[in-house]
Amino acid sequence: MEKDKLKNIEVPISSISIPIEGEAGRTGSWRTERPILDPSKCAAVKQNKLVCMLCWLYCPEGTISRTIPPKINYYYCKGCGICAKECPSKAITMKDETNFEE
Amino acid sequence: MSEKLVLSGNHAAAHACKGARVQVIAAYPITPQSPATELLSRFVETGQLNAKYVCVESEHSAMTVCIAASSTGARTFTATSANGLALMHEQLHWAAGARLPIVMACVNRAVAAPWNVWTDNQDSISQRDTGWIQLYCEDNQEIYDTILQAYKIAEQIYCPVMVCYDGYILSHTLMPVEIIDQNAIDEFLPPFKPYVTLDPDDPKVLNLVTFPWIRHDHPHIEKFGGYPEIRYKLQQTLRSSFDVIERVDKEFGEKFDRQYGIFKEYMCDEADYIILAMGSLASEATVAAEILYEEGYTVGVLSLKLFRPFPAKQLATFAKQSAASTFIVIDRNLSYGYEGALCTDFKAALYTHHVQKNVHGYLLGIGGRDVNVDQIMEIVHKSRKAIEAGQLDKETEWINIMK
């Protein structure tokens, strides 16, 4: 699909892509701190409704899903910490990456 | 039907853009460029040119608008000088790396500090490493013709072109200029066909973050390679663009009876000394050569039109076949701490191609100080005396300066 859209460009002389997930690479490797969501504190989980969603709204990289519970895509999350800062229920905490194996 | 008008260099440039049916113009006024863009804005206002004229707050924005417009497939133009061109610097790299065939006029002016509005080539020479093609003009007809040629070159190889002409000496001096019939221009210069366009209905990411390595996680990104591949292609295109540049010039010559070549030879055949220079300075040198000939000295002039890509092989071949023992390179620019840019490049070209000639560099007319025939004759005599005294490796000398 992606390939087909650009196949008419016979001479690839400049850098071109189509808007797709991961177009800029797996930016998750940039992270020094990892946001961890505690569902028991999350308003959406507690009410079982799509409420609040400030983490999804504020994430500058679109790596948090608008779901119950919100899911964080660690392949692309850069670890900026905005979600943790904005969460009114303090359901998200930033943990040092050295705590995780991978 | 073509017509002859008496035009300044700036107005000749504007008429060329009108002939080229430029679609987007973005420019910020600066002396001595302003009359070019003023006339273009009048063309747009009076409906003589169907284009969008974007008023911007700086030269950086002017080039950015041209980049955006060119990305959507529009034929674009801007013009600037000196500090304005310096402010564009970042976006000049972008235009070249994004392979956008933008054409701009650089009305050559000295770069501050101290403030100076007069001509020298320091502004465009300082941008020589950005990946833009640079063409220098000797008179107003050449400005008009070169801009038309520039679009044809740019749009064939997807590289931006800077058309350079000296401030005041050309920009504000009136000369007869033949304006080519619109149908004939349309035949020479077909509409711009972009190889990729920015279109909201078919979203693309242009000039994305491109890694040092080749991405294998997305097949379509993989095929473009990494940053080095993109830059390698730009260099390959420029180094192999001489054919296109000469072909466009030849076609222009066949259609309109004016042809310039990548450099122009004047009285070079039997010359003992050959002056190498660019722009109006080379023009002035031809007058000096004539007077020197009457005095019994055979001096030729080589006027370089194409400075980037640098025609090293062509110049070296010319030098090799020439009977001249000595090349006198007169620069109206300076790579501070060394010498004139043309002098350095010319010497490197000779060395690369194993051509042994004496090369003497001179600096003249920096900051618009008047260049006249007497100074050019003085330069030739200085070199002649040095050679006769056996001083072959003369250092670059600054002429007509209070020391």
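These figures come from a predicted structure and were not determined experimentally.

Colleague: What's the story with the interface of chain A and chain B in this structure? I'm lost.
Modeller: Frequently, the measure chosen for interface size is the accessible area removed from exposure when the parts meet. Of the residues lining the interface, 17 residues belong to chain A; the matching set on chain B comes to 23 residues. Among the elements of the structure, α1 (2–6) and β1 (16–17) of chain A are those that each provide at least two residues to the side of chain A that touches chain B. Take the side of chain A that touches chain B: its biggest share by element is three residues, from α1 of chain A. Relative to strand β9 (residues 205–206) of chain B, β1 of chain A is paired through two bridges, and the arrangement is antiparallel.

Colleague: Is there a simple way to explain the nonpolar core in this structure?
Modeller: One recurring pattern in soluble globular proteins is that nonpolar side chains are buried together. Ranked by size, the top nonpolar core spans 123 residues in total, and within it Ile147, Val161, Val163 and Leu276 of chain B carry the most contacts. A domain split of this core shows at least three residues from each of domain 1 (3–193 + 242–254) and domain 2 (263–398) of chain B. Filtering out sequence-adjacent residues up to four positions away, Val161 of chain B remains in contact with Val103, Trp132, Ile133, Leu135, Ala150, Ile153 and Ala154 of chain B. In terms of nonpolar packing, the next biggest core, distinct from the first, is built from 14 residues, Leu37, Cys55, Cys83 and Ile92 of chain A among them.

Colleague: Would you mind going over the packing of helix α6 (residues 140–157) of chain B against helix α10 (residues 242–256) of chain B with me for this structure?
Modeller: In helix packing, the relevant descriptors are the interaxial angle and the interaxial distance, both defined with respect to the helix axes. Residue and element names in this part refer to chain B. Direction vectors running N to C along α6 and α10 enclose 135°, while the axes themselves pass 10 Å from each other. Taken together, α6 and α10 sit at an angle that is classed as oblique. Between α6 and α10 lies a crossing of right-handed hand. For the pair formed by α6 and α10, the contact residues are Asp145, Gln149, Lys152, Ile153, Gln156 and Ile157 on the first element and Val244, Ile245, Val248, Asp249 and Phe252 on the second. Residues belonging to the contact of α6 with α10 are distributed by class as follows: six nonpolar, two polar and three charged.

Colleague: Would you explain the sheet that holds strand β13 (residues 306–308) of chain B in this entry?
Modeller: Note: strands within a sheet are paired through backbone hydrogen bonds, in either parallel or antiparallel orientation. Residues and elements named next belong to chain B. Overall, mixed pairing links the seven strands, which are arranged β3-β2-β4-β5-β7-β6-β13 in an open sheet. Bordering the open sheet on either side are β3 (52–55) and β13, each of which pairs with just one other strand. For this sheet the average axis-to-axis angle between neighbouring strands, irrespective of direction, equals 20°. The pairing of strand β6 (residues 133–136) with strand β7 (residues 161–166) spans four bridges and is parallel. In the sheet register, Gln134 faces β7, and the bridge partner there is Met162.

Rules and cut-offs
- Residues numbered from 1 in each chain as written.
- Chains lettered and ligands numbered in written order.
- Predicted model: local features only at pLDDT ≥ 70, side-chain atom pairs only at ≥ 80, totals over all residues.
- Contact = placed C-beta atoms within 7 Å.
- Helix = DSSP H or I, 4+ residues; strand = E, 2+ residues; numbered from the N terminus.
- Pairing = 2+ DSSP bridges.
- Core = buried A, V, L, I, M, F, W, Y, C linked by C-beta atoms within 7 Å.
- Buried ≥ 20, exposed ≤ 12 C-beta atoms within 10 Å, placed from the backbone.
- Domains from an automatic or database assignment.
- Axes fitted to C-alpha atoms, helices over the stretch in contact; angles between N-to-C directions.
- Parallel < 35°, antiparallel > 145°, perpendicular 65-115°, else oblique.
- Left-handed = near helix turned anticlockwise from the far one by under 90°.
- Nonpolar A, V, L, I, M, F, W, Y, C, P; charged D, E, K, R; others polar.

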